Amino acid sequence: MWQAIGLAYSSFFSRFEDVLRASWLWLIAVAALTGYASWQRWSLAMAVMGQVEPELFPSMTQLRQTTALLQLGAALAILAAVSIAVAWHRLMILDEQPGLSGSNITSGDLWHFVVIGFLLCVILIGPALVVILGGFYLTVPATFGPNTVGPIAFIPLLLAAAAVYVVGLAVTLRLSLLLPARAIGNEDLSFGQAWHRTSGNTWRLFWGLIVTTLPPLLLTDLVVIAVLDLAYPTLTATRIAAASTASTVCSLLLLPISIGFLSYAYRHFFEHPLQQTA
């Protein structure tokens, strides 16, 4: 595990030129759209907070346009993350140099990757969501109806949802190596095979992803804090939008670290085992 983590970080820094090659166009596009949409949202929010005259409130058209921009920005960021992830998987496993940033969005491998990602998300949150919604439907009458027992009725529901989520997380981790498989065009690897080969390695995969995900997230938070601190005490919509944009851009730029861990884990389980150091 530690060898895969070390390789994920060292590959990111030693091949940073490839990181930029795979991401630079996405970073520009996402920064522009996210920055403008965030600026619009916070400008409207501050207008509402700063004005009490109803005639000066933002119109419904402005609100709808801003909502659409935010949704478009989120969709673009997700597409950028997928494109960068697929390019990095192919570099780490196949030693295939990334093409022009974003040029792989028409690739069948990318969309197979998207399908697997969607299925893993369903496995992760679907069962817990069903428990929450179903339990909420059954619990609300006991909480707000006659002979109520109060909010304490939600405790068993939350515990059940948490337990189901943990199970879903474990299953998702065991199947996560389907992502690099689809990214490199391996359509033969089945859910059953991925489950079988990762048997007994759930914690290794969990901690590997934690160690390759949390430090980049903390670095991103530090960048956001630095941007906001520069604005103190005059916090403006522009400053908040800049912080939001910086967070998104940093997240995309550092994404190859955790993606690299999955790539090396895939190579360990399905190609050439890495030396067992943990």
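Residues numbered from 1 in each chain as written. Predicted model: local features only at pLDDT ≥ 70, side-chain atom pairs only at ≥ 80, totals over all residues. Heavy atoms only, no water.

Novice: Tell me about the nonpolar core, and please be specific about residues and values.
Specialist: Membership of the largest hydrophobic core comes to 37 residues, with the highest contact counts inside it found for Val86, Trp88, Phe113, Leu178, Phe261 and Tyr266. Put simply, the parts of the chain that give this core at least two residues each are helix 1 (2–14), helix 3 (60–94), helix 4 (108–144), helix 6 (178–183) and helix 9 (237–270). Contact partners of Leu178, with chain neighbours within four places excluded, come to Ile116, Leu189, Ser190, Phe191 and Ala194. In this structure, Trp26, Ala37, Ala77 and Ile84 belong to the second largest nonpolar core, which totals twelve residues. (Core = buried A, V, L, I, M, F, W, Y, C linked by side-chain atoms within 4.5 Å. Buried < 20%, exposed > 50% of the residue type's maximum accessible area, 1.4 Å probe, protein only. Helix = DSSP H or I, 4+ residues; strand = E, 2+ residues; numbered from the N terminus. Contact = heavy atoms within 4.5 Å.)

Novice: So what's going on with the layout of surface pockets? Residues and values would help.
Specialist: Considered as a void within the structure, the largest pocket measures approximately 1100 Å³ in volume. As for the largest pocket, its lining consists of 34 residues, of which Leu209, Thr213, Leu255, Ser258 and Ile259 are closest to the centre. Looking at the lining of the largest pocket, the elements that each hand over two or more residues are helix 3, helix 4, helix 5 (154–175), helix 8 (202–231) and helix 9. The element best represented in the lining of the largest pocket is helix 8, accounting for nine residues. Residues of the lining of the largest pocket, tallied by class, amount to 25 nonpolar, nine polar and no charged. (1 Å grid on protein atoms, 1.4 Å probe; cavity = no way out; pocket = protein on both sides within 12 Å on 5 of 7 lines; lining within 4 Å. Points joined across faces, edges and corners; volume = space filled by probe spheres on them. Nonpolar A, V, L, I, M, F, W, Y, C, P; charged D, E, K, R; others polar.)

Novice: Quick one: what's the story with the packing of aromatic side chains, residue by residue and with numbers?
Specialist: One pass over the structure, following the stated rule, counts seven aromatic pairs. Considering the side-chain rings of Trp203 and Trp207, the 6.4 Å spacing of their centres and the 20° angle between planes classify their relative orientation as stacked. Taken together, the residues span about one helical turn, with Trp203 and Trp207 both in helix 8 at a distance of four residues. Take Trp203: its relative accessible area is 61%, and that puts it in the exposed class. Here Trp207 falls in the partly exposed class, since its relative accessible area comes to 44%. One aromatic cluster is present, formed by Phe12, Phe13 and Phe16 through successive ring pairs. One residue, Arg174, lies across the ring of Trp195, its end atom 3.7 Å from the ring centre. (Phe/Tyr/Trp six-rings, centres within 6.5 Å; stacked < 30°, edge-to-face > 60°. Lys NZ or Arg CZ within 6 Å of the ring centre and 35° of its normal.)

Function cannot be read off these values alone, since they describe shape.
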